[in-house]
Amino acid sequence: MRVYVQTDIEGIAGFCFFENRRNPSAENWSHRQRMYRLLTAEVNAAVKAAFDSGADEVIVNDNHGSGYNIIFEELDPRCRIIHGRNFSGPEWLNLLDASIDAMVLVGMHAMGGTPCAITPHSLWKVNDGAIYMSEASMAAALAGDYGVPTVFISGDDKVTAEVAEKIPGIEVAVVKQALSPYMACSLIPSRACELIAEGVRRGLANRANIAPYRITGPVTLTLLDSADHCEPFTEQCEKVTCDTITDAFNTCEESMAWCSRNTKLPDGFVFPKF
Ligand SMILES: [Zn+2]
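Worth saying up front: this structure is predicted, and the values here are computed from it rather than measured.

A. Representation of the pairing of strand E1 (residues 2-7) in the model. Buried residues dominate E1, accounting for five of its six residues. Of the pairings in the sheet, the one linking E1 to strand E2 (residues 57-62) comprises six bridges and is parallel in character. If you follow Arg 2 over to E2, its bridge partner there is Glu 57. Handedness of the crossover joining E1 and E2 through helix H1 (residues 26-52): right-handed.

As C-alpha cells, then:
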C-alpha cells in the first residue's frame, strides 16, 4: 500500500494566524518554530499510523508556503518527503498518480469566505458555482482523477465539515474549534496526534469503501480570493473549461503569477523553464 500525506499548516491544533516572515522579533521566530514542531508531530502521527496500517511506502508533501515547514529530520525515517519551492500547477501534488492507494490530508484550512473558520483562503469555483472547493477538497478531486480515495482529513471544524459532506465515509479529526478567523479552541497537541493516528488507521482500513472524490468533466474552474483573503473576492485567473478537473486546475494555475517559472528568487536563483 502506498499512502500520500498532503499537508498544510493552517489546520493544525494551536495555529490561528498567518506567520509574518518580515517580523524579525525573537517572539515571532520562536512562535513559527513552535508551529513547525506542532505540524511535524501531527504529520508524524499520520505517517506512523499509515505504516501501522500496512503501508509499504508513505510520501509526505510539505505543501505550505516555503515548502520547508516540517522538521523532517524528526519524521519516521520510513517515509519520504517532498519539499522545495514553487508548489503550483502540476507540481502542487508532485508524485501523486494512480499507483497511490490512498490520500491523507493533515492540517487543512477552510475555503475562502467560510464564516468563523481559521485563516480561510482560496475558494475554487467549480462549474459556475455548482460546487465550491477548498484546497483540501481540490486535492481530493485531483486524487479522484487518478482513482485515489481520500480517506482522512484533519483541521478545524469548518474544513472537516466541508470535506466530510463531499466525501462520504472519510475519517475526520477535528483538532480545533474555530471561534473567529483568528481565534480557536484547540485540542492539546498530544491529543490531536492521537485522534489523527486513530483516524488514519480507520480510514486506511476502510479505504475500499471510500469512493474517490470524482468531478466528472467537462469542468469549468476559477479561483476566487483577494490580497487580504477577505471578501469581496475577485477571480484570480480567467475561467477555464477543460475535460477534467486536473486539466482545469493546471490551466488556471499556469496563469497565476506565483506559477511563473522564470521568477527571480530572493537568493538570485531563477527558475529555469522545463
Ligand atoms: Zn498553507
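B. Region of interest: the sheet that holds strand E8 (residues 171-180). With respect to topology, seven strands assemble into an open sheet ordered E3-E2-E1-E4-E7-E8-E9, the strand pairing being mixed. The strands lining the two open edges of the sheet, one partner per strand, are strand E3 (80-82) and strand E9 (183-186). With strand direction ignored, the average angle separating the axes of adjacent strands in the sheet is 20°. Inspection of the sheet shows strand E4 (residues 102-108) paired to strand E7 (residues 150-156) by four bridges, in the parallel sense. By the bridge assignment, Val 104 is partnered in E7 with Phe 152. This element, helix H3 (residues 157-166), spans E4, E7 and E8 of the sheet and lies at about 155° to E7.

Criteria and thresholds
- Sequence order as written defines the numbering, with residues in each chain counted from 1.
- The model is predicted, so local features are restricted to residues of pLDDT at least 70 and side-chain atom pairs to those at 80 or more, both for listing and for counting; the totals for chains, interfaces and linings are taken over all residues.
- Working definition of burial: number of other C-beta atoms within 10 Å of the residue's own, with buried at 20 or more, exposed at 12 or fewer, and partly exposed in between, all C-beta atoms being placed from the backbone.
- A run of H or I in DSSP becomes a helix once it reaches four residues, and a run of E becomes a strand once it reaches two; helices and strands are each numbered from the N terminus.
- DSSP calls a pair of strands paired once it identifies at least 2 bridges connecting them.
- When the strands point away from the viewer, a crossover counts as right-handed if the path from the first strand over the helix to the second runs clockwise.
- All axes here are fitted lines through C-alpha atoms, helices being fitted over the stretch that makes contact, and every angle between N-to-C directions spans 0 to 180 degrees.
- Two residues qualify as a contact pair if the distance between their C-beta atoms, derived from the backbone, is within 7 Å.

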